[in-house]
Amino acid sequence: MPDQALHSVVYSSTATKPFSPVDLQDLLKHSRQKNSTSNLTGMLLYRGGRFIQVLEGPEDVVRDLVETIRLDSRHTGMRILLRETLQQRNFPSWTMGYEPIGVPADTPPEGYRDTFDDLYSSDTSVTIRAVRELTTWFRHRSGRAT
Ligand SMILES: Cc1cc2nc3c(=O)[nH]c(=O)nc-3n(C[C@H](O)[C@H](O)[C@H](O)COP(=O)(O)O)c2cc1C
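Residues numbered from 1 in each chain as written. Predicted model: local features only at pLDDT ≥ 70, side-chain atom pairs only at ≥ 80, totals over all residues. Heavy atoms only, no water.

Undergrad: Could you give an account of the overall build of the protein, naming the residues involved and the relevant values?
TA: When helices and strands are tallied, the protein shows 3 helices and 5 strands. Starting at the N terminus and ending at the C terminus, the protein contains elements arranged as β-α-β-β-α-β-β-α. By residue count, 41% of the 146 residues in the protein fall in the buried class. Considering only intrachain contacts with a sequence separation of at least 6, the fraction spanning at least 24 residues in the protein is 78%. Carbon and sulfur atoms make up 51% of the accessible area of the protein, which amounts to about 8,400 Å² in all. (Helix = DSSP H or I, 4+ residues; strand = E, 2+ residues; numbered from the N terminus. Buried < 20%, exposed > 50% of the residue type's maximum accessible area, 1.4 Å probe, protein only. Contact = heavy atoms within 4.5 Å. Areas by Shrake-Rupley, 256 points an atom, 1.4 Å probe, with all protein chains shown as cover.)

Undergrad: Residues and numbers for the packing of aromatic side chains, please.
TA: All chains considered together, the criterion is met by 4 aromatic pairs. Ring centres of Phe-19 and Phe-51 lie 5.1 Å apart, and the angle between their planes is 90°; on these two criteria the pair is classed as edge-to-face. Of this pair, Phe-19 sits in the loop between strand E1 (6–15) and helix H1 (21–38) while Phe-51 sits in strand E3 (residues 50–58), and the two are 32 residues apart along the sequence. Judged by relative accessible area, which is 12%, Phe-19 ranks as buried. Taking 4.8 Å as the distance between ring centres and 40° as the angle between the ring planes, the aromatic pair formed by Tyr-46 and Phe-51 counts as tilted. This pair shows no difference in class: Tyr-46 is buried, exactly as Phe-51 is. Three or more aromatic residues joined by ring pairs form one cluster here, namely Phe-19, Tyr-46 and Phe-51. (Phe/Tyr/Trp six-rings, centres within 6.5 Å; stacked < 30°, edge-to-face > 60°.)

Undergrad: Any details on the pattern of salt bridges? Residues and values, ideally.
TA: Oppositely charged side chains are able to pair whenever their charged atoms sit close together. According to the stated counting rule, one finds 4 salt bridges in the structure shown. As a salt-bridge pair, Arg-74 and Asp-72 come within 2.8 Å of each other at their nearest N and O atoms. Classification of Asp-72 by relative accessible area gives partly exposed; the value is 24%. In this structure, Arg-132 engages Glu-84 in a salt bridge whose closest nitrogen and oxygen atoms are separated by 3.0 Å. One end of the pair, Arg-132, is in helix H3 (residues 124–141); the other, Glu-84, is in strand E4 (residues 75–86), with 48 residues separating them in the sequence. In this structure Arg-132 comes out as partly exposed when scored by relative accessible area, which is 39%. (Salt bridge = Lys/Arg side-chain N within 4 Å of Asp/Glu carboxyl O.)

Undergrad: Go over the pairing of strand E2 (residues 41–47), please, and point to the residues and values.
TA: Counting buried positions over the 7 residues of E2 gives 6, a clear majority of the element. In this structure, E2 lies alongside E3, joined through 7 bridges in antiparallel fashion. Note on E3: the bridge partner recorded for Met-43 is Val-54. Here E2 folds back onto E3, and the loop between the two strands holds 2 residues, one of which, Gly-48, carries a positive phi near 55°. (Pairing = 2+ DSSP bridges.)

Undergrad: I'd love a proper account of the site of the ligand, names of residues and values included.
TA: Close to the ligand lie 16 residues, the nearest being His-30, Lys-34, Asn-35, Gln-53 and Asp-72. At 3.0 Å, a side-chain N or O of Lys-34 approaches an oxygen atom of the ligand. One of the side-chain N or O atoms of Asn-35 is found 2.8 Å from a nitrogen atom in the ligand. Relative to its free-state accessible area of 630 Å², the ligand is covered by the protein chains to the extent of 79%. Sorting elements by how many residues they give to the shell around the ligand places H1 first, with 5 residues. Looking at the shell around the ligand residue by residue, the class counts come to 7 nonpolar, 6 polar and 3 charged. (Near = heavy atom within 4 Å. Polar contact = N/O pair within 3.5 Å; in protein donor to acceptor, adjacent residues only side chain to side chain. Nonpolar A, V, L, I, M, F, W, Y, C, P; charged D, E, K, R; others polar.)

Undergrad: A description of the nonpolar core should follow, citing residues and the corresponding values.
TA: Grouped burial of nonpolar side chains is what soluble globular proteins tend to show. Counting 18 residues, the largest nonpolar core has Phe-19, Leu-44, Tyr-46, Phe-51 and Leu-55 as its most contacted members. Where this core is concerned, the elements lending two or more residues are E1, H1, E2, E3 and helix H2 (59–70). Ignoring anything within four residues of it in the chain, the contact list for Leu-55 reads His-7, Ser-8, Val-9, Tyr-11, Thr-41, Val-62, Leu-65, Val-66, Ile-69 and Met-96. With 17 residues, the next largest nonpolar core counts Leu-45, Tyr-120, Val-131 and Trp-137 among its residues. (Core = buried A, V, L, I, M, F, W, Y, C linked by side-chain atoms within 4.5 Å.)

And the structure:
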């Protein structure tokens, strides 16, 4: 049987309670262990009580996990920003990459995103461009693979 198509989902959601660094570490540790056995990769961003996650892998696995995550009471209001078929992974080395996003400086350094606002645009092409920029930003910013 041929390999299943590579599928990617990007969603946003809101934490039901603020996540502490320990909460995030626990979530990442568990997710990375599970994702590595399911052949899933991606990234997670958390800032100001909001999550953005990219999940990529075999289509069925990604779809099932998205529905599992949707039911997780630690967050709510999951909104799918993008679903697409990939030729190759954007995060091949990350079972779940994570970058903390600090409080922005007065003048953010070049390439630094201090807002997610354009991700929530009602114009799909704006959302897609914002997701692409975020992906590039993450890969550029994250020197390590986890
Ligand atoms: C924002 C967020 C992101 C998550 N990302 C993942 C993930 O990438 N992989 C994963 O297995 N679980 C993830 N989870 C956890 C799942 O919702 C669920 O708790 C977990 O898959 C259940 O694992 P278990 O069957 O070992 O108890 C995430 C949860 C939240 C709130």
